[in-house]
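Residue-level listing of the chains:
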Amino acid sequence: MNELDLLMNYLRVTLMLFFITFFINIFVQYFKTKTITPRKMLSYKAGGLFEHYKIVAILVFSLLILHGVFDQNPFEPGIVGLLLDFVITFVPLVIFMVFFFVFLFFLIFYLYAKITKQEDPAYYLNNKSHMIIHLSFILGLIIASIAIVVLLMSAL
């Protein structure tokens with residue numbers, strides 16, 4: 001593996017860790033408060049994409065120490081490489097599936113409210129929103145788990 005590939009792998013891991021920590025923070029906030037507040041995306045302050053820069057820096061620095069001191073490339077096949085690939089693949093897949101199901105279920109409930117001529121479709125959707133988000137989270141986790149198992153089984 002040349003230096004450019006190695007640099008790109010570290011950059012990919014760093015960006016994915018920022019992405020993962022951002023969305024995990026959104027999920028945790030929602031399950032704690034049952035609300036989602038608007039966020040300033042490109043910020044290192046509370047709610048921003050780079051809010052958890054200390055956690056990401058510690059994780060990337062740990063990978064660098066593993067690579068530099070122990071001379072083990074974390075991106076090559078092995079325990080660390082497998083764990084890293086699993087996290088970098090599984091968590092974004094779960095996030096994508098959750099948002100896909102949220103969109104799909106809100107669309108289905110909105111169309112149902114229009115077809116049944118609900119008095120106030122926004123009120124109807126607001127009453128169903130917690131159920132939709134919980135169901136989407138559970139289905140996203142299940143579908144992503146199945147997809148990862150299928151990918152792992154096909155790799156064997």
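Residues numbered from 1 in each chain as written. Predicted model: local features only at pLDDT ≥ 70, side-chain atom pairs only at ≥ 80, totals over all residues. Heavy atoms only, no water.

**Q** So, the side chain of His67: which residues are in play, and what are the values?
**A** Of note, His67 is situated in helix α2 (residues 53–69). Exposure remark for His67: the relative accessible area of 18% places this residue in the buried category. Excluding its chain neighbours within four sequence positions, the residues that come into contact with His67 are Leu6, Tyr10, Gln72, Asn73 and Pro74. (Helix = DSSP H or I, 4+ residues; strand = E, 2+ residues; numbered from the N terminus. Buried < 20%, exposed > 50% of the residue type's maximum accessible area, 1.4 Å probe, protein only. Contact = heavy atoms within 4.5 Å.)

**Q** I'd like a rundown of helix α1 (residues 3–33), residues and numbers included.
**A** The terminal C-alpha atoms of α1 lie 45 Å apart, and with 31 residues this matches the ideal 45 Å at 1.5 Å per residue to within 8%. Taking the backbone nitrogen of Leu4 as reference, a side-chain oxygen 3.3 Å away marks Asn2 as the first, capping residue of α1. Residue Lys34 follows α1 closely and has a positive phi angle near 65°. (Expected span 1.5 Å × (residues − 1). Polar contact = N/O pair within 3.5 Å; in protein donor to acceptor, adjacent residues only side chain to side chain.)

**Q** Give a description of the nonpolar core that names residues and reports values.
**A** If you look at the biggest cluster of nonpolar residues, it comprises 25 residues, and the most contacted ones within it are Phe90 and Phe109. Of all the secondary structure elements, the ones that give two or more residues to this core are α1, α3 (79–115) and α4 (121–155). Here this core takes twelve residues from α3, the largest share from any one element. If you look at the next biggest cluster of nonpolar residues, it comprises ten residues, including Tyr10, Val56, Phe75 and Leu84. (Core = buried A, V, L, I, M, F, W, Y, C linked by side-chain atoms within 4.5 Å.)

**Q** Lay out α2 in plain terms, naming residues and giving numbers.
**A** Here α2 contains 17 residues, and its C-alpha end-to-end distance of 23 Å stays within 8% of the 24 Å for a straight helix at 1.5 Å per residue. Residues Val56, Val60, Leu63, Leu66 and His67 constitute the buried set of α2. An end-on view of α2 places all buried positions within 110° of arc, on one side of the element. Turned more than 90 degrees away from the buried face of α2 sit Lys54, Ile58, Phe61, Gly68 and Val69, all of them exposed. Taken from the residues just after α2, Asp71 is the one with a positive phi, measuring 55°. (Arc of directions from axis to C-beta.)

**Q** I'd love a proper account of the packing of aromatic side chains, names of residues and values included.
**A** By convention here, two paired aromatic rings are described through the distance between centres and the angle between planes. Counting across every chain of the model gives 15 aromatic pairs. Consider the rings of Phe18 and Phe50, whose centres lie 4.9 Å apart with planes at 80°: the pair is edge-to-face. Taken together, the residues Phe18 in helix α1 and Phe50 in the loop between α1 and α2 connect sequence positions 32 residues apart. Arranged with centres 6.3 Å apart and planes meeting at 45°, the rings of Phe109 and Tyr124 form a pair that is tilted. One end of the pair, Phe109, is in helix α3; the other, Tyr124, is in helix α4, and 15 residues separate them in sequence. Of the two residues examined, Phe109 and Tyr124, each falls in the buried class. Every member of this aromatic cluster is reached through a ring pair, and the members are Phe19, Phe22, Phe23, Phe27, Tyr30, Phe31, Phe99 and Phe137. (Phe/Tyr/Trp six-rings, centres within 6.5 Å; stacked < 30°, edge-to-face > 60°.)

**Q** Describe the side chain of Thr21, naming the residues involved and giving the relevant values.
**A** Topologically, Thr21 is positioned in helix α1. Of note is the side chain of Thr21, whose polar atom sits 3.1 Å from the backbone oxygen of Phe18. Residues within four places of Thr21 in sequence aside, it is in contact with His52 and Val56.

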